[in-house]
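An overview of the molecular structure
Now for the letters of each chain:
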Amino acid sequence: MKKIRKILLSIIFFTVLFPVTYSQLDEIDFLKGGIDDANLLFKEYLNPYANILGANLNAGWYNTAKTHELGGFNVTITLNAAWAPVADRLFNLNDLLLSADASVIGGTESPTVAGKKTEIRPEIAYSKYVPGVGDIEYVRYTLPDGTDVFYLPLPMVQAGVGLPLGTELSVRFLPRLDLKDAGNIGLWGVGLKHSLSQYIPGLKELPVLDISAQGGYTKLSTYANIDYDPMDIVSDPAYDYVNDMNVWLDQKLELDIEAWTVNLLVSETLPVISFYQAIGYSNSEVNLSLSGYFPFPSIETSGPNAGQVVVNNVEGEGKIKDPIDLNMQNNENLRL
């Protein structure tokens, strides 16, 4: 789909990702095969980055189990990095329930966004039988390339302040940044850490040892403006689309990530160094959506234009509002 790279540029801007060639992301044509297949393919292709970002947002909350005294504070800068396992750098088209009109050509394995770049990738072709004409192939495209980037670094600025009763409040925040044509991005999070040492007899005699419970919630929201009109599908739409371009304005690719974690922390603080360990639970949820009207191809099945591929201006057929709404759940798992 043309210019879908803008959403990735927004994410990369935020994560200070080193230079990557994005040209292969200009031609993600998943929409050409219909809504159902587009949802399946979008999810498989982008899922590794969704999981990576979710894992990154759950990291960096603590570097000690010790809580601040009342009014004490700190500002911490961390750099978290999560990566996609090898198994998530490819996906198999045979595992997807693509529509009956779809045919996979040239192999069944294709790179995800975190996969390796390769010139040899499968194609998907869509054909329909037209009475009196025969089988007509109305869509064919090559699946998108990988980026050769299987991990993403995520810098984080966080502040903590001591509250009463052995409790510490942590906040993380990125004011919404306007990236002009690329859209914008913002982040915020809040966490609490509470001392358990105060309830355990004898630990006060061991000032180097601290035990606490910690929990945190982070939300990242970003969107990218995109530009995808009938001319990206066919050279001759079935209507005067030039005078109806307003239909295709305000197209956006939106990404929202919510991540939460709870942890049991133990740390040992020596004069020049602290050692800390934790066991906990983490989860994240990613919502990826396309908002606005988007064109979809169809094929004329009767009349003098039978067999012609067109994009008409009928809502629900040639133009569909908000066609993609994906929810991707990261693995619910223990953290060590």
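Structure's up top.
This write-up is about the structure you can find in this document. Sequence order as written defines residue numbering, which begins from 1 separately in each chain. The model is predicted, so local features are restricted to residues of pLDDT at least 70 and side-chain atom pairs to those at 80 or more, both for listing and for counting; the totals for chains, interfaces and linings are taken over all residues. To get the side-chain values, take all heavy atoms of the structure and skip hydrogens and water.

Here we take up the sheet that holds strand 3 (residues 102–105). Two strands qualify as a pair provided DSSP detects at least 2 bridges between them. For the purposes of this entry, the term helix denotes a DSSP run of H or I that reaches at least four residues, the term strand denotes a run of E that reaches at least two, and both are numbered from the N terminus. Strand order across the open sheet formed by three strands is 3-5-6, with antiparallel pairing between neighbours. Two strands in the sheet have a free side with no partner beyond their single neighbour: strand 3 and strand 6 (134–142). Strand-to-strand twist across the sheet, computed as the mean angle between neighbouring axes with direction ignored, equals 30°. Lines fitted to the C-alpha atoms define the axes, with helices restricted to the stretch that makes contact. Angles between their N-to-C directions range from 0 to 180 degrees.

The next point concerns the environment of R121. Along the chain, the position of R121 falls in the loop between strand 4 (109–111) and strand 5 (123–130). In the structure, R121 is positioned 11 residues away from S110 in sequence and 6.0 Å away in space, judged by C-alpha atoms. With residues up to four places along the chain from it excluded, the contact list for R121 reads G106, P111, T142, L143, P144 and D145. The term polar contact refers here to a pair of N or O atoms within 3.5 Å; inside protein, the definition further demands a hydrogen-donor-capable atom paired with an acceptor-capable atom, and it admits residues adjacent in sequence only when both atoms are side-chain atoms. In terms of polar contacts, R121 uses its side chain to reach the backbone carbonyl oxygen of T118, at 2.8 Å. At 2.6 Å, the side chain of R121 forms a polar contact with the backbone oxygen of L143. In this analysis, two residues are considered to be in contact whenever any of their non-hydrogen atoms come within 4.5 Å of each other.

This next bit is on the nonpolar core. Formed by 57 residues in total, the largest nonpolar core has its most connected members in L41, F42 and I124. Contributing elements (two or more residues each) for this core: helix 2 (35–57), strand 5, strand 6, strand 7 (151–163), strand 9 (184–195), strand 11 (252–269), strand 12 (274–291) and strand 17 (324–329). It is helix 2 that provides the largest number of residues to this core, a total of 10 residues. In this view, L41 contacts F30, F91, L93, L96, L98, I124, Y141 and L143; residues no more than four positions away in its chain are not counted. By size, the runner-up hydrophobic cluster in this structure holds five residues, among which are W61, Y62, A65 and A278. In plain words, nonpolar cores are sets of buried Ala, Val, Leu, Ile, Met, Phe, Trp, Tyr and Cys residues tied together by side-chain atoms within 4.5 Å. When a residue's accessible area, from a 1.4 Å probe over protein chains only, is under 20% of the maximum for its type it is buried; when over 50% it is exposed; and in between it is partly exposed.

Time to look at the side chain of S212. Counting through the fold element by element, S212 comes out in strand 10 (residues 209–225). A polar contact is formed between the side chain of S212 and the backbone oxygen of A65, at a distance of 3.0 Å. Setting aside residues up to four positions removed in sequence, S212 forms contacts with A65, K193, H194, S195, L196, N263, L264 and L265.

With respect to the secondary-structure elements, K319 resides in strand 16 (residues 319–321). The charged side chain of K319 is buried without a salt bridge, its nearest counter-charge being E315 at 4.9 Å. In this structure, K319 is in contact with V247, W248, Y293, F294, N312, N313 and V314, ignoring residues within four places of it in sequence. Note on charges: Lys and Arg go in the positive column, Asp and Glu in the negative column, and His and the chain ends are not counted at all. Salt bridges, as used here, are contacts in which a Lys or Arg side-chain nitrogen is within 4 Å of a carboxyl oxygen on Asp or Glu.

With that settled, the discussion passes to the layout of surface pockets. Cavity and pocket criteria rest on a 1 Å grid covering protein atoms alone: a 1.4 Å probe that fits but cannot get out defines a cavity, protein on both sides within 12 Å along at least 5 of 7 lines defines an open pocket, and an atom within 4 Å of a point defines a lining residue. Grid points are joined across faces, edges and corners, and a volume is the space filled by probe spheres set on the points. The computed volume of the largest pocket comes to approximately 590 Å³. For the largest pocket, the lining is made up of 31 residues, of which G60, W61, Y62, N63 and Y276 are closest to its centre. Counting only elements with at least two residues in the lining of the largest pocket, the list comes to helix 2, strand 1 (73–83), strand 7, strand 8 (167–178), strand 9 and strand 12. The element that contributes the greatest number of residues to the lining of the largest pocket is strand 1, accounting for six residues. Residues are grouped as follows: Ala, Val, Leu, Ile, Met, Phe, Trp, Tyr, Cys and Pro are nonpolar; Asp, Glu, Lys and Arg are charged; every other residue, Gly included, is polar. Each residue belonging to the lining of the largest pocket can be placed in one class, and the counts come to 11 nonpolar, 16 polar and four charged.

Next up on the list: the packing of aromatic side chains. Pairing of aromatic side chains here covers Phe, Tyr and the six-membered ring of Trp, requires ring centres within 6.5 Å, and sorts the geometry by plane angle: under 30 degrees stacked, over 60 edge-to-face, intermediate tilted. Counting across every chain of the model gives seven aromatic pairs. With 6.5 Å between their ring centres and 65° between their planes, F30 and Y141 make a pair best called edge-to-face. With F30 in the loop between helix 1 (5–15) and helix 2 and Y141 in strand 6, the pair connects residues that are 111 residues apart, well separated along the chain. A residue is classified by how much of its surface remains accessible, and F30, at 1% relative accessible area, is buried. With a relative accessible area of 3%, Y141 lands in the buried category. Centroid distance Y126 to Y138: 6.3 Å. Interplanar angle 45°. Geometry classified as tilted. Of the two residues, Y126 is situated in strand 5 and Y138 in strand 6; the sequence distance between them amounts to 12 residues. Accessibility assignment for this pair places Y126 and Y138 in one class, buried. Over a ring means this: the NZ of a Lys or the CZ of an Arg is within 6 Å of the ring centre and within 35 degrees of the ring normal. Geometry around F150 places R89 over its ring, the cationic atom sitting 3.9 Å from the centre.

Here we come to the environment of G33. Mapped onto the elements, G33 comes out in the loop between helix 1 and helix 2. Along the sequence, G33 and F296 sit 263 residues apart, while their C-alpha atoms lie 8.0 Å from each other.

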